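Secondary and tertiary structure notes
Chain by chain, the residues run as shown.
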Amino acid sequence: MPHFCSTDSGDAQIAYLDSGGNDCGAPIIFVPGFTDVADDYTEMLPSLGRRAAIVELRGHGRSQAAPGPYDSDTLGRDVGAVVDAITDGPVHVMTFSRGTTYALAWVLTNPDRVRSISIGDYVPEEIELTEDIMLGLLDGRWRGTPVRDRVDHDAAIATVRAARTQSFWEPLSRSQIPLMAVRSPSSPVINDANWARYRRLFPEARLHEFANSPHDIFRPVRTRFPSLVREHMAAAEKAIISLEDRGTPA
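Residues numbered from 1 in each chain as written. Predicted model: local features only at pLDDT ≥ 70, side-chain atom pairs only at ≥ 80, totals over all residues. Heavy atoms only, no water.

Next up on the list: the overall build of the chain. On a plain count of helices and strands, the chain comes out with eight helices and 12 strands. Over its C-alpha atoms the chain spans a radius of gyration of 17 Å, differing by no more than 12% from the 18 Å that the globule rule assigns to 250 residues. Taken along its principal axes, the extent of the C-alpha atoms in the chain is 55 × 40 × 30 Å. Each of the 250 residues in the chain was classed as buried or not, and the buried ones make up 52%. At a minimum sequence separation of 6, the contacts of the chain that also span at least 24 residues come to 73%. A total accessible area of about 10900 Å² is found for the chain, and carbon and sulfur atoms account for 50% of it. (Helix = DSSP H or I, 4+ residues; strand = E, 2+ residues; numbered from the N terminus. Rg over C-alpha atoms; globule rule 2.2 N^0.38 Å. Buried < 20%, exposed > 50% of the residue type's maximum accessible area, 1.4 Å probe, protein only. Contact = heavy atoms within 4.5 Å. Areas by Shrake-Rupley, 256 points an atom, 1.4 Å probe, with all protein chains shown as cover.)

Running from N to C, helix H2 (residues 72-86) and helix H3 (residues 99-107) cross one another at 70°; their axes reach a closest spacing of 7 Å. As far as their axial angle goes, H3 and H2 are roughly perpendicular. On H3, the residues touching Ser72, Leu75, Gly76, Val79, Gly80 and Val83 of H2 are Thr101, Tyr102, Ala103, Ala105 and Trp106. Residue classes in the contact of H2 with H3 are distributed as seven nonpolar, four polar and no charged. (Axes fitted to C-alpha atoms, helices over the stretch in contact; angles between N-to-C directions. Parallel < 35°, antiparallel > 145°, perpendicular 65-115°, else oblique. Nonpolar A, V, L, I, M, F, W, Y, C, P; charged D, E, K, R; others polar.)

What follows concerns the packing of helix H4 (residues 131-138) against helix H5 (residues 153-162). Each pair of packed helices can be summarised by the angle the axes make with each other and by the distance between the axes. Contact geometry of H4 with H5 gives a least axis separation of 10 Å together with a crossing angle of 150°. The pairing of H4 with H5 is recorded here as roughly antiparallel in orientation. Once H4 is placed against H5, the crossing between them reads as right-handed. Between H4, through Glu131, Met134, Leu135 and Leu138, and H5, the contact on the second element is made entirely by His153, Ala156, Ile157, Val160 and Arg161. By residue class, the composition of the contact of H4 with H5 is six nonpolar, one polar and two charged. (Left-handed = near helix turned anticlockwise from the far one by under 90°.)

Moving on, we get to the environment of alanine 26. Inspection of the secondary structure assignment puts alanine 26 in the loop between strand S2 (13-18) and strand S3 (28-31). Sequence separation between alanine 26 and arginine 51 is 25 residues, and the spatial gap between their C-alpha atoms is 8.3 Å.

What follows deals with the packing of aromatic side chains. With the rule as written, the count across this model stands at eight aromatic pairs. Judged by centre distance (6.3 Å) and plane angle (50°), the rings of phenylalanine 30 and phenylalanine 218 are tilted. Note that phenylalanine 30 is positioned in strand S3 and phenylalanine 218 in the loop between strand S12 (206-209) and helix H8 (224-245), a separation of 188 residues in sequence. According to the relative accessible area criterion, phenylalanine 218 is buried, its value standing at 1%. (Phe/Tyr/Trp six-rings, centres within 6.5 Å; stacked < 30°, edge-to-face > 60°.)

Here we come to the environment of phenylalanine 4. For phenylalanine 4, the location among the structural elements is in strand S1 (residues 3-8). Taking the C-alpha atoms as reference points, phenylalanine 4 and tyrosine 41, separated by 37 residues in sequence, lie 13 Å from one another. Not counting the four nearest positions on each side in its chain, phenylalanine 4 is found in contact with Tyr16, Leu17, Ala38, Asp39, Glu56 and Arg62.

What follows is the structure in structure tokens.
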């Protein structure tokens, strides 16, 4: 049964929802979006087919809202703390929306521990937001509940203030980690130019469009993205086995 755990990230206690079960040699680390909490994803866990941990970054859900800092490197270390709490081996990384930034901050400093990456409706970048945008998000609702009940107000503002524009496109393409990405064409997050950039920089990537989804690609079918993640992980592991059978280092 899924259960909540916490781990020490140095200056904050980071909560994560652990599905339990067989990790098949490499569990999943899922870093969801900025207004998400782990409880949003309990129903999708069986679709992933193996042990998964859903990260609640500092200031989100059950995680501690530390005094600071809130830059992407620090939030990347929060992700790493959860990875280390559940395994000392490899993982598959799954992301949605702005959680992609903080997952990739960890991935790109630990590429040898990553077997695959699955990105949900986001680009491999850190994007700066204005405080007006963040205040608008905080005053709104997400998946039926007030955002202020999901994310600590001061932590959210601190995260926005700490953000800096940076690109992960080229470093991620050089890593050669098997990539899968999903976009909603009706969402402004991945425009046509960025989708073409995915195709150009990641010619072997699995790219999918959910034409009937908004930015929340878990609507209207909650299991569609997780099922694709499961297929992508299986393909990545099959490729590793094939390389090992040929005596080629994975």
